[in-house]
Amino acid sequence: MKTDTARTPAILHIDMDTFFCSVERLFDPGLEGRPVIVGGDPSQRGVVSACSYEARRFGVHSAMPLATAGRLCPDAVYLRGNFKAYLHYSGLVRDILEEYTPVVEHAGIDEAYLDLAGCRLAFGEPRAVVREIRKRIADELGLPASGGLSAAKVVSKVASAAAKPNGFLEVAPGEELAFLSPLPVEKLPGVGPVCRASLADLGIRTIGDLSLLPVEALESVLGSWGRVLHEHARGVDRRRLECGRAPKSVSRETTYDTDTIDYDMVRSTLLLLAERCCLALRRDGLSATRIAVKLRYSDFKTCMKFRTAEIPTDQEQTVH
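Residues numbered from 1 in each chain as written. Predicted model: local features only at pLDDT ≥ 70, side-chain atom pairs only at ≥ 80, totals over all residues. Heavy atoms only, no water.

Engineer: Can you walk me through the nonpolar core in this structure?
Structural biologist: Proteins that are soluble and globular tend to have nonpolar side chains buried together. Residues Phe19, Leu114, Leu116, Ile133 and Ile137 are the most contacted members of the largest nonpolar core, which totals 36 residues. Of all the secondary structure elements, the ones that give two or more residues to this core are β1 (11-16), α1 (19-27), β2 (36-38), α4 (83-97), β6 (111-115), α6 (126-141) and β7 (145-150). Counting residues per element, this core draws most heavily on α4, which supplies seven residues. The residues contacting Ile133, other than those within four sequence positions of it, are Leu12, Ile14, Leu97, Tyr100 and Leu114. (Core = buried A, V, L, I, M, F, W, Y, C linked by side-chain atoms within 4.5 Å. Buried < 20%, exposed > 50% of the residue type's maximum accessible area, 1.4 Å probe, protein only. Helix = DSSP H or I, 4+ residues; strand = E, 2+ residues; numbered from the N terminus. Contact = heavy atoms within 4.5 Å.)

Engineer: Just checking my understanding: could you explain the packing of helix α11 (residues 215-222) against helix α12 (residues 224-233) for this structure?
Structural biologist: For any two helices packed against each other, one specifies the inter-axial angle together with the distance between the axes. Close contact between α11 and α12 brings their axes to 6 Å; oriented N to C, the two are set at 135°. Taken together, the axis directions place α11 and α12 in an arrangement best described as oblique. Both α11 and α12 take part in a crossing whose hand is right-handed. Packed against α11, whose contacting residues are Val215, Leu218, Glu219 and Leu222, the element α12 presents Ser224, Trp225, Gly226, Arg227, Leu229 and His230 at the interface. When grouped by side-chain class, the residues that make up the contact of α11 with α12 number five nonpolar, three polar and two charged. (Axes fitted to C-alpha atoms, helices over the stretch in contact; angles between N-to-C directions. Parallel < 35°, antiparallel > 145°, perpendicular 65-115°, else oblique. Left-handed = near helix turned anticlockwise from the far one by under 90°. Nonpolar A, V, L, I, M, F, W, Y, C, P; charged D, E, K, R; others polar.)

Engineer: Whenever I open this one, the state of the cysteines confuses me. Can you help?
Structural biologist: Where two cysteines share a covalent bond between their sulfur atoms, that bond is called a disulfide. Per the counting criterion, the structure on display carries zero disulfides. Here Cys277 is not cross-linked by a disulfide; its sulfur's nearest cysteine counterpart is in Cys278, at 6.7 Å. Exposure remark for Cys278: the relative accessible area of 1% places this residue in the buried category. (Disulfide = S-S within 2.5 Å.)

Engineer: I'm lost on the pairing of β1 in this one. Help?
Structural biologist: Among the six residues in β1, six count as buried, and that is most of the element. Side chains of β1 alternate between two faces, with Ile11, His13 and Asp15 and Leu12, Ile14 and Met16 buried alike. Relative to β6, β1 runs antiparallel, the two sharing five bridges. Counterpart to Ile11 in the pairing with β6 is Asp115. Judged from the six bridges that link them, β1 and β7 form a sheet pairing that is antiparallel. (Pairing = 2+ DSSP bridges.)

Engineer: Explain α11 to me, please; I cannot follow it from the model alone.
Structural biologist: In an α-helix, one full turn covers 3.6 residues, which means residues spaced three or four apart are oriented alike. By the burial criterion, the buried members of α11 are Val215, Leu218 and Leu222. Buried residues along α11 cover an arc of 60° about the axis, so they all sit on one side. Looking at α11, the residues exposed on the side facing more than 90 degrees away from the buried face are Glu216 and Ser220. In this structure, the buried side of α11 is in contact with α9 (193-201), α10 (207-212) and α12. Just past α11, the residue Gly223 takes up positive phi, approximately 70°. (Arc of directions from axis to C-beta.)

Engineer: Help me understand the sheet that holds β2 in this model?
Structural biologist: Think of a sheet as strands paired side by side through backbone hydrogen bonds, with each pair either parallel or antiparallel. Taken together, three strands build an open sheet; the order of strands is β3-β2-β4 and the sheet is mixed. Every other strand in the sheet has two partners, leaving β3 (50-51) and β4 (77-79) as the edge strands with one partner each. Where β2 and β4 come together, three bridges link them in parallel fashion. Bridge pairing in β4 links Val38 to Leu79.

Engineer: Even after reading the chapter, I still don't get the environment of Thr308, so can you show me in this structure?
Structural biologist: Locating Thr308 in the fold gives a position in strand β10 (residues 302-313). Ignoring any residue separated from it by four or fewer positions in sequence, one finds Thr308 in contact with Thr289 and Arg290. Of the polar contacts made by the side chain of Thr308, one reaches the side chain of Arg290; its length is 3.1 Å. (Polar contact = N/O pair within 3.5 Å; in protein donor to acceptor, adjacent residues only side chain to side chain.)

Engineer: Hey, could you run me through the sheet that holds β1 in this one?
Structural biologist: Taken in spatial order, the five strands make up an open sheet running β5-β6-β1-β7-β8, and their pairing is mixed. Of all strands in the sheet, those with a lone pairing partner are β5 (104-108) and β8 (168-170), marking the two edges. Adjacent strand axes in the sheet meet at a mean angle of 15°, parallel and antiparallel pairs treated alike.

Engineer: Explanation requested: α1 in the structure shown.
Structural biologist: α1 sits mainly inside the fold: seven of its nine residues count as buried. Tucked into the core, α1 has its buried residues touching β1, β2, β3, α2 (53-56), β4 and α4.

Engineer: I'm lost on the packing of aromatic side chains in this one. Help?
Structural biologist: For any two aromatic rings, the description comes down to two numbers: the centre-to-centre distance and the angle of the planes. All told, the structure shown has six aromatic pairs when counted by the stated rule. Taken together, a centroid distance of 5.7 Å and an interplanar angle of 85° make the contact between Phe20 and Phe83 edge-to-face. Taken together, the residues Phe20 in helix α1 and Phe83 in helix α4 connect sequence positions 63 residues apart. Overall, Phe20 belongs to the buried group, its relative accessible area being 6%. Classification of Phe83 as buried rests on a relative accessible area of 19%. Aromatic rings pair up to connect Phe19, Phe20, Phe83 and Tyr86 into one cluster. For Arg56, the ring lying beneath its charged end belongs to Tyr53, and the centroid distance is 4.8 Å. Positioned over the ring face of Tyr113 is Lys153, at 4.8 Å from the centre of the ring. (Phe/Tyr/Trp six-rings, centres within 6.5 Å; stacked < 30°, edge-to-face > 60°. Lys NZ or Arg CZ within 6 Å of the ring centre and 35° of its normal.)

Structure below.
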């Protein structure tokens with residue numbers, strides 16, 4: 001019996017490679033091949049907003065204190081960043097994506113999910129559409145982009161990360177477990193260092209280990225998130241793409257590699273996250289009045305504080 005491919009889900013996760021650094025290289029080709037770190041001067045307090053692959057080889061990563069990055073990679077080019085340019089090029093990428101399907105969920109300034117299932121008659125098979133999209137982004141904008149294609153959002157996101165840099169990986173329906181199982185558990189979105197440590201205490205080191213653990217055991221440690229994580233480990237993702245309407249909220253978060261009580265660094269991280277939220281607001285022509293901060297401790301205790309602004313805002317300094 002022939003499979004009805006027109007009904008087969010096809011979710012693409014497109015992720016711009018080291019987006020901020022790639023945009024900076026458009027303006028200064030001399031940065032090509034050199035370690036680039038966006039965030040500011042390493043002699044000042046702050047955190048890394050983005051870093052090139054050349055810098056990552058020295059152990060640098062986003063949200064790392066700039067002072068630490070300076071010690072690890074003193075010969076890098078350090079830039080404050082040009083957020084107007086990043087927003088501009090993000091919009092150009094968005095314009096290309098939306099030519100292929102109206103079902104696009106923009107997950108940030110440099111990544112998006114696309115439902116390509118309905119594109120087959122107009123543009124051909126999804127893998128061919130992905131090839132064309134990535135080629136257009138490279139040819140028209142000069143930017144590298146990686147893609148992951150599968151029937152589920154979480155699998156596509158893991159696949160796009162595995163395809164980096166500047167690659168593409170397709171996981172066919174029915175192959176999700178074979179693809180996910182051998183990967184380290186931290187490759188699953190939402191598994192940060194603290195969650196990884198909790199899973200390691202249970203003997204869980206790979207996604208395959210996670211898929212075999214009784215869901216009740218996960219829920220006893222991680223609460224309701226444990227059930228979601230168990231499904232994701234098996235390639236099951238019940239989330240639908242959210243698109244075509246103004247979001248009710250915009251949020252950005254990060255997890256430190258190690259617990260910290262360096263409040264100057266935490267405040268600097270807060271500014272970085274405020275910048276990312278406000279970029280998303282401005283991109284969609286939105287502003288916010290209700291501002292919340294969520295803080296999670298090493299024991300998974302979470303607290304939130306709210307404040308309502310008198311005037312709606314899209315400015316990071318006001319939010320910060």
